[in-house]
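# Report on the structure
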Amino acid sequence: MLRLFRAVAIAEACSWVGLLAGMYVKYIAQAGELGVKIFGPVHGGLFVLYLAAVLLLARQESWSRATTVLGLACSVPPLATVWFERRQQRRRSHQGEPQAATSVAATGSRR
């Protein structure tokens, strides 16, 4: 599930970039709307897929409500999905590190 989440987060961010470029061409350069016609539906689908992936992974990984809401909110600003995915990846890797000092202090011995 983590690999899928990462792929969806990156794809959603790339589709955001494509949609923004298409909107620039359509509204600023006034050179046509092909980019919006292509990237609009692609981004919409990836947006929904990202939201579903956040909810599924939040349940699987037992994320807090605040983390889940942050993940969902990161679907709105461009490229924020990549930031959130990397943030969660760092947190996951830090949780996997041994915490000998904490366990020694909690048990009072080094068994």
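Details of the structure are given in the entry above.
For clarity, every value in this text was computed on a predicted model and none was experimentally measured.

Looking now at the overall build of the protein chain. In terms of regular secondary structure, the protein chain is built from five helices and zero strands. Along the protein chain, helices (α) and strands (β) appear in the sequence α-α-α-α-α when read from the amino end. For the protein chain, contacts bridging at least 24 residues in sequence account for 61% of all contacts bridging at least 6. Accessible area of the protein chain: about 7500 Å², with a carbon and sulfur share of 64%.

All told, the structure shown has four aromatic pairs when counted by the stated rule. On the numbers, 6.3 Å between centres and 85° between planes, the contact of F5 with F84 is edge-to-face. Taken as a pair, F5 in helix 1 (residues 2-28) and F84 in helix 4 (residues 80-95) lie far apart in primary sequence, 79 residues in all. With respect to class, F5 is no different from F84; both count as buried. The structure contains a cluster of three or more aromatic residues connected by ring pairs, namely F5, Y50, W63 and F84.

Interaxial distance between helix 1 and helix 4 falls to 8 Å at its minimum, and their mutual angle equals 155°. Considering their axes alone, helix 1 and helix 4 lie roughly antiparallel with respect to each other. Of the two elements, helix 1 crosses helix 4, and the hand of that crossing is left-handed. Judged by residue contacts, L2, F5, R6, A9, I10, E12 and A13 of helix 1 engage T81, V82, F84, E85, R86, Q89 and R92 from helix 4.

The next subject is the environment of V82. If you trace the backbone, V82 turns up in helix 4. On the basis of relative accessibility, which here comes to 18%, the residue V82 falls in the buried class. In this structure V82 touches A9, I10 and A13, once residues within four positions along its chain are discounted.

Below, the discussion takes up a nonpolar patch on the surface. A cluster of nonpolar side chains, contributed by L20, M23, Y24, V25, Y27 and I28, occupies part of the molecular surface with about 580 Å² of accessible area. Inspection of the secondary structure assignment puts L20 in helix 1. Among the residues examined, L20 registers a relative accessible area of 34% and is labelled partly exposed.

Criteria and cut-off values
- Residues numbered from 1 in each chain as written.
- Predicted model: local features only at pLDDT ≥ 70, side-chain atom pairs only at ≥ 80, totals over all residues.
- Heavy atoms only, no water.
- Helix = DSSP H or I, 4+ residues; strand = E, 2+ residues; numbered from the N terminus.
- Contact = heavy atoms within 4.5 Å.
- Areas by Shrake-Rupley, 256 points an atom, 1.4 Å probe, with all protein chains shown as cover.
- Phe/Tyr/Trp six-rings, centres within 6.5 Å; stacked < 30°, edge-to-face > 60°.
- Buried < 20%, exposed > 50% of the residue type's maximum accessible area, 1.4 Å probe, protein only.
- Axes fitted to C-alpha atoms, helices over the stretch in contact; angles between N-to-C directions.
- Parallel < 35°, antiparallel > 145°, perpendicular 65-115°, else oblique.
- Left-handed = near helix turned anticlockwise from the far one by under 90°.
- Patch = residues over 30% accessible without salt bridge, like charges linked within 9 Å, V, L, I, M, F, W, Y side chains within 5 Å.
- Salt bridge = Lys/Arg side-chain N within 4 Å of Asp/Glu carboxyl O.

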